[in-house]
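# Breakdown of the fold
Below, each chain spelled out in residue letters.
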Amino acid sequence: MNFALLGDAPEVLPLIRAIGATTQHQVTACFDADDLADRCPPAMQSVSIEAIRSDPGIEAVIVASDRTETLADALMLAEAGKSLLVLPLYGQDLGVIYEMSLVKADAPITLFPIWPLREHPLVVHLRQMLDEGELGAVQYLELNRVLVPDGDAAQPQLLTKRQIDGAFLVDVDLLRDLGGDYSNVTTLQTGREEGLSSLTTTLACDQAPQATWTVKAGSQGSWQLTVAGMRSTAVLSGDPSVSSLTLEAEGPDFEFARQTVAEDWGPAVLASFLAAHERSDDSQPQWDDIQRGMELLQATDRSLRRKRTIELYFEAHSERSNFKTQMTAIGCCLIMFTLLGVVLVLVGGQAGLAPRIMAVLRIAVFAPLGIFLLLQFLLVLTKPAAKQRRAT
C-alpha cells in the first residue's frame with residue numbers, strides 16, 4: 001500500500017519508519033511536511049494536494065497537523081476515496097472531525113485515529129488483565145503526570161493551558177480504553193490560564209469506575225497510571241513519548257513479575273490500521289474515539305469556566321443527527337418569529353388594515369411554520385448512524 005503524509009508533526013515519525021521498514025508499503029508523497037523532509041524516506045516526494053488526490057496509487061494518507069487548512073485538505077482527500085490515519089493533536093478542529101465521519105458513511109474508506117499508547121505491549125497486557133478479572137472489580141483509575149514548563153507561560157515555572165490540554169488529549173483515550181465511556185467531567189485548577197501549577201480532572205459515568213487525571217509542573221517529567229482493583233493494584237509508569245513503560249502489580253493473592261518494555265509503537269499501529277482497513281475490524285480504534293476524546297477536552301474548559309460538573313450526551317454523528325440538530329435550531333428561531341408575527345397580525349387587525357393586507361400578513365406569519373412542519377418528514381430519508389463499538 002502507498003501512503004502520503006500530510007503535515008509535519010514529529011510524533012508521527014515512528015509510523016513513517018515502520019512503513020519504510022516493510023517491502024509491501026511505502027510513503028511516496030507528502031504535502032506541507034517541510035519540517036520532516038530530512039527525516040523521511042528518500043522515496044517520499046513533496047507534491048501538491050491535487051496530485052495526491054488524483055493519484056490512484058495512493059490509498060491512505062497520514063494526517064499529522066493541527067492546522068485547519070491541512071484538515072480541510074484531508075477532508076477533501078477522504079471525499080476522493082482516500083483512507084486517513086489521523087494523529088490526534090490539540091488544536092484540531094472538531095467540526096472537521098465530525099465532517100469526516102459523515103464522509104465515512106458514504107464512502108468505503110477507513111478513518112483510523114493514531115493512539116500510540118493503546119498499542120504498547122504492556123498496555124495490551126494490562127487490558128487483558130482487566131478483561132479477565134485478574135485485578136478484581138476495578139475501584140478507580142488514577143493517572144498522574146509531571147510536565148516540565150516550556151517557558152511560554154507568564155511565569156516560566158508554570159504550565160500553559162495548551163501544554164496541559166495536549167497531554168490530556170493523549171491520556172484521556174487510555175483512560176477511556178481501560179475504564180469506560182466517561183460522560184461526566186469535573187476540572188479544578190491551581191493558578192490562572194496564563195500559568196498553572198496543577199490541574200485535576202475527574203471523569204465519571206454510571207457504567208465505569210471513576211478516573212482521575214492530575215498534572216503538575218516539575219523540574220523532571222514523569223507519568224504514572226494506577227488501576228486499583230479489589231484483588232490487586234496495577235501500576236504502569238514510564239515515559240510514553242519514547243514508548244518506555246514499566247508494569248507492576250501487587251496484591252495479597254496475586255503475583256505479577258515487574259516488566260519493563262521499550263518498544264517503537266510504529267509497527268503495531270501500522271498492523272492495527274491494516275487490520276481495520278482490510279477487515280473492518282471493530283476491535284481496532286474507532287473514529288468515535290477521537291471525537292469523544294476531543295469532546296471531553298472541550299468539557300474540561302467548560303467545567304473550569306462554569307465551576308461545575310459538565311455532563312455530556314454522546315450521539316453518533318450522522319446525517320440524521322445533523323438533521324435533528326439543525327431542525328431544532330431552526331424551530332426555536334421560527335417559534336420566536338412566529339410569536340412576533342402573531343402580535344403584528346393582532347395589531348394590524350386593531351388598526352383596521354384592509355382584508356387583503358391582513359391575508360398577506362397571515363400567510364407571511366404562518367406559512368413558514370407549516371413548511372417547517374412538512375420538512376420534518378425528510379427525517380426518514382436521512383442516514384442513521386452506523387453501529388459503533390462502545391468502550392467496556
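Residues numbered from 1 in each chain as written. Predicted model: local features only at pLDDT ≥ 70, side-chain atom pairs only at ≥ 80, totals over all residues. Heavy atoms only, no water.

Attention shifts here to the nonpolar core. In this structure, L126, W213, L225 and L236 are the most contacted members of the largest nonpolar core, which totals 44 residues. Sort the elements by how many residues they give to this core and helix α6 (residues 161-178) lands first, with seven residues. Setting aside anything within four residues of it in sequence, one finds W213 in contact with L143, R145, I164, A167, F168, D171, L175, L199, T200 and T201. Membership of the second largest hydrophobic core comes to 29 residues, among which are V12, I62, A64 and I114. (Core = buried A, V, L, I, M, F, W, Y, C linked by side-chain atoms within 4.5 Å. Buried < 20%, exposed > 50% of the residue type's maximum accessible area, 1.4 Å probe, protein only. Helix = DSSP H or I, 4+ residues; strand = E, 2+ residues; numbered from the N terminus. Contact = heavy atoms within 4.5 Å.)

Its 12 residues place the ends of helix α3 (residues 68-79) 17 Å apart at the C-alpha level, agreeing with the 16 Å of an ideal helix rising 1.5 Å per residue. Among the residues of α3, those classed as buried are T70, L71, D73, A74, L75, L77 and A78. Buried residues in α3 make contact with β1 (2-6), β2 (26-31), α2 (49-54), β4 (58-63), β5 (83-86) and α4 (94-106). (Expected span 1.5 Å × (residues − 1).)

Bridge count for strand β8 (residues 184-192) against strand β9 (residues 195-205) is nine bridges, and the pairing is antiparallel. Paired with N184 across the strands is A204, a residue of β9. Here β8 hands over to β9 after two residues, the two strands then running antiparallel side by side. With seven bridges joining them, β9 and strand β10 (residues 208-217) adopt antiparallel strand pairing. (Pairing = 2+ DSSP bridges.)

Their axes nearest at 9 Å, the elements α6 and helix α8 (residues 287-306) cross at an angle of 130°. Considered as vectors, α6 and α8 are oriented oblique to each other. Remark: the crossing between α6 and α8 carries right-handed chirality. Only D289, R292, G293, M294, L296, L297, T300, D301 and L304 of α8 make contact with α6, whose side of the interface consists of K161, D165, F168, L169, V172, D173 and R176. Here the contact of α6 with α8 is built from residues that sort into seven nonpolar, two polar and seven charged. (Axes fitted to C-alpha atoms, helices over the stretch in contact; angles between N-to-C directions. Parallel < 35°, antiparallel > 145°, perpendicular 65-115°, else oblique. Left-handed = near helix turned anticlockwise from the far one by under 90°. Nonpolar A, V, L, I, M, F, W, Y, C, P; charged D, E, K, R; others polar.)

We now examine the sheet that holds β1. An order of β3-β2-β1-β4-β5-β6 is seen for the six strands of this open sheet, with the pairing classed as parallel. Lying at the two open borders of the sheet, with one neighbouring strand each, are β3 (45-46) and β6 (111-113). Of the strand pairs in this sheet, β4 and β5 are connected by four bridges, and their pairing is parallel. By the bridge assignment for β5, I62 is matched with L85. Contacts from α3 reach β1, β2, β4 and β5, with the element oriented near 155° to β1.

Tracing the backbone shows Q26 in strand β2. Residue classification places Q26 among the partly exposed positions, given a relative accessible area of 37%. Each C-alpha atom, one on Q26 and one on N2, is 5.2 Å from the other, the two residues being 24 residues apart in sequence.

Two side chains bearing opposite charge may form a pair once their charged atoms approach each other closely. Scanning all chains against the criterion turns up 17 salt bridges. Residue D264 pairs with R17 through a salt bridge whose shortest N-O separation is 3.4 Å. Placement of D264 in the loop between β14 (254-262) and α7 (266-279) and of R17 in helix α1 (residues 13-20) is noted, with a sequence separation of 247 residues between them. Across the salt bridge formed by D289 and R118, the nearest N and O atoms sit 3.3 Å from each other. Placement of D289 in helix α8 and of R118 in the loop between β6 and α5 (121-131) is noted, with a sequence separation of 171 residues between them. As far as burial versus exposure is concerned, D289 and R118 are alike and both buried. Because the salt bridges share partners, they merge into one network encompassing R118, R127, D173, R176, D177, D181 and D289. (Salt bridge = Lys/Arg side-chain N within 4 Å of Asp/Glu carboxyl O.)

What follows covers unusual backbone geometry. Notably, D32 is not glycine yet its phi reads approximately 60°, a positive angle. The topology assignment puts D32 in the loop between β2 and β3. Taking relative accessible area as the criterion, D32 reaches 26% and is therefore assigned partly exposed. A positive phi is found at K307, a non-glycine position, where the angle reads about 60°. For K307, the location among the structural elements is in the loop between α8 and β15 (310-311).

This part takes up a nonpolar patch on the surface. On the surface, a cluster of nonpolar side chains totalling about 240 Å² of accessible area is made up of I371, L375 and L378. Within the fold, L378 resides in the segment after α10 (355-375). According to the relative accessible area criterion, L378 is partly exposed, its value standing at 38%. (Patch = residues over 30% accessible without salt bridge, like charges linked within 9 Å, V, L, I, M, F, W, Y side chains within 5 Å. Areas by Shrake-Rupley, 256 points an atom, 1.4 Å probe, with all protein chains shown as cover.)

This part takes up the side chain of D165. For D165, the location among the structural elements is in helix α6. You can call D165 buried: its relative accessible area is 3%. The residues contacting D165, other than those within four sequence positions of it, are Y90, L297 and D301.

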